[in-house]
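Listed below are the residues making up each chain.
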Amino acid sequence: MQSLYSNGFEHIYDAMYRSFINYQDEYDFYSALLNTYFKKSILEIGCGTGNLAAHFIESNIQYSGLDLSEDMVKLANQKNPKGDFYQGNMANFKVGREIDAVLITGRTTSYLLENKDLNGALQSIKENLTENGLLIFDFIDASRFFNTIKNGKAVKHIANYNGIQYLRSSHMKVNTELNNFMFDWKASYYKETNQEKILIAEDDSTVRAFTKDEWKLLLELNDYEILECIDRKSYAFDTYVYVARLKNPKL
Ligand SMILES: C[S@@+](CC[C@H](N)C(=O)[O-])C[C@H]1O[C@@H](n2cnc3c(N)ncnc32)[C@H](O)[C@@H]1O
């Protein structure tokens, strides 16, 4: 098994996701939210290879990125020499200065498998935010998505980048053995050339989806209040975006 986030595969991730996700749309959506709440500095958690970062770095919002994978951070730095990227775990991190808003996009919350890590992340975020700081994140909506993968579902995604066609062949199935709303996601990545299909990576992971109410309670227990819940379908998933604010004064 090979994670797409390290050991050279971060380049494949980068190529494919630039085709799956329209980062200009992502930037337009999230920067509009930040402007609505007058936020001037952000930390993007799970910044990956810095595709969203590239837009923020060119804007008037002060940007920092954090990612668990050293290889993703290295590539993000190479692509964005003016960027400010850190390696770290969202479940427990410190950036050394207070920021106005934390952004977690691309369904990176799916990697908060245990509530211990999720609560750790909400507490770490709180410690790194200014008073009234904002937390904006997306998550896969279990209520809708699990009905579609209850008995297993095969999905194919094709991406074209730099003249190369990539194919991701996925199989997703609800995992009923674990405590949270988890699903198994097996993915095989291929490069397609001249009718030939070359396997380049395989990923076998178990990731998490959430209900809206689950997040609502988790946020409240960690002293955040919800300002907005936005239904925003992403390329493969039923997704919500929550905009939450630290209760004032910081508890
Ligand atoms: C699906 S990718 C999304 C990347 C990026 N947001 C995008 O939209 O292209 C998830 C990212 O989260 C990172 N990640 C996973 N677990 C993490 C953790 N505990 N702390 C910080 N980053 C994490 C991975 O290394 C990967 O770069």
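In what follows, the accompanying structure is described. (Residues numbered from 1 in each chain as written. Predicted model: local features only at pLDDT ≥ 70, side-chain atom pairs only at ≥ 80, totals over all residues. Heavy atoms only, no water.)

1. Describing the overall build of the protein
Rules: Elements are defined by DSSP. Helices are runs of H or I of four residues or more, strands are runs of E of two residues or more, and each kind is numbered from the N terminus. Throughout, the radius of gyration refers to the C-alpha atoms, and the reference size of a globule is 2.2 Å times the residue count to the power 0.38. Residue exposure (1.4 Å probe, protein chains only): buried if accessible area is under 20% of the type maximum, exposed if over 50%, otherwise partly exposed. Should any heavy atoms of two residues lie within 4.5 Å, those residues are counted as being in contact. Shrake-Rupley sampling with a 1.4 Å probe provides the accessible areas, and residues are treated as covered by the protein chains on show and by no other component. Note that His is not counted, nor are the chain ends; the positive residues are Lys and Arg, and the negative ones are Asp and Glu. One atom stands in for each charge, and that atom is NZ of Lys, CZ of Arg, CG of Asp or CD of Glu.
A tally of helices and strands in the protein yields 7 helices and 11 strands. Here the C-alpha radius of gyration of the protein, 18 Å, is about what a compact globule of 251 residues would show, namely 18 Å. Structurally, the protein occupies a C-alpha span of about 60 × 45 × 25 Å along its principal axes. Taken across its 251 residues, the protein has 53% of its residues classed as buried. In the protein, once contacts between residues fewer than 6 apart in sequence are set aside, the share between residues at least 24 apart is 64%. For the protein, the exposed surface amounts to about 11900 Å²; the carbon and sulfur share of it is 47%. Across the protein, the mean location of the 28 positive side-chain charges is 2 Å away from that of the 34 negative side-chain charges.

2. Concerning the pattern of salt bridges
Should their charged atoms come close, side chains of opposite charge can pair. In plain terms, the rule: Here a salt bridge means any side-chain nitrogen of Lys or Arg lying within 4 Å of a carboxyl oxygen belonging to Asp or Glu.
This structure, assessed with the given rule, holds 13 salt bridges. Residue R18 pairs with D14 through a salt bridge whose shortest N-O separation is 2.9 Å. Note that R18 and D14 are positioned in helix α1 (residues 10-20) at a spacing of 4 residues, about one turn of the helix. Taking relative accessible area as the criterion, R18 reaches 34% and is therefore assigned partly exposed. By relative accessible area, D14 is classed as buried at 6%. A salt bridge links D14 to K79; the nearest nitrogen and oxygen atoms lie 2.7 Å apart. Remark: K79 occurs in helix α4 (residues 70-79) and D14 occurs in helix α1; sequence separation between them is 65 residues.

3. Details of the layout of surface pockets
Operational definition: Lining residues are those with an atom within 4 Å of a point, where the points come from a 1 Å grid over the protein atoms alone and group into cavities, where a 1.4 Å probe fits but cannot get out, or pockets, open sets with protein on both sides within 12 Å along at least five of seven lines. Grid points are joined across faces, edges and corners, and a volume is the space filled by probe spheres set on the points. Basically, the charged four are Asp, Glu, Lys and Arg, the nonpolar ten are Ala, Val, Leu, Ile, Met, Phe, Trp, Tyr, Cys and Pro, and anything else, Gly included, counts as polar.
Here the largest pocket is characterised by a volume of approximately 830 Å³. Taken together, 45 residues form the lining of the largest pocket, with Y5, G46, D67, T108 and Y111 sitting closest to its centre. Among the elements that take part in the lining of the largest pocket, strand β9 (residues 196-208) stands out by supplying 4 residues, more than any other. The residue makeup of the lining of the largest pocket, split by class, is 23 nonpolar, 15 polar and 7 charged.

4. Brief notes about the site of the ligand
Which entries qualify depends on this criterion: Consider each residue's heavy atoms; a residue with any of them within 4 Å of a molecule or strand counts as near. Polar contacts, as counted here, are pairs of nitrogen or oxygen atoms within 3.5 Å of one another; within protein the pair requires one atom able to donate a hydrogen and one able to accept it, and residues that are adjacent in sequence qualify only if both atoms are side-chain atoms.
With respect to spatial proximity, 17 residues lie near the ligand, and among them Y13, Y23, G46, D67 and N89 are the closest. Between the ligand and Y23 there is a distance of 2.6 Å, counted from an oxygen atom to a side-chain nitrogen or oxygen. At a separation of 2.7 Å, a nitrogen atom of the ligand approaches a polar backbone atom of G46. Burial of the ligand by the protein amounts to 94% of the accessible area it has alone, namely 600 Å².

5. So, the nonpolar core
Which entries qualify depends on this criterion: Only buried Ala, Val, Leu, Ile, Met, Phe, Trp, Tyr and Cys residues count toward a nonpolar core, and they belong to the same one when joined by side-chain atoms within 4.5 Å. What counts as a domain boundary in this text is fixed by an automatic or database domain assignment.
By size, the foremost hydrophobic cluster in this structure holds 51 residues, and its most contacted members are F56, I136 and F183. When we break this core down by domain, the ones giving at least three residues each are domain 1 (10-140 + 210-246) and domain 2 (144-208). V95, V102, L118 and L218 belong to the second largest nonpolar core, which has 27 residues in total.

6. Description of unusual backbone geometry
Not every positive phi belongs to a glycine, and F38 is a case in point at roughly 55°. Examined against the element boundaries, F38 turns out to sit in the loop between α2 (23-36) and β1 (41-45).

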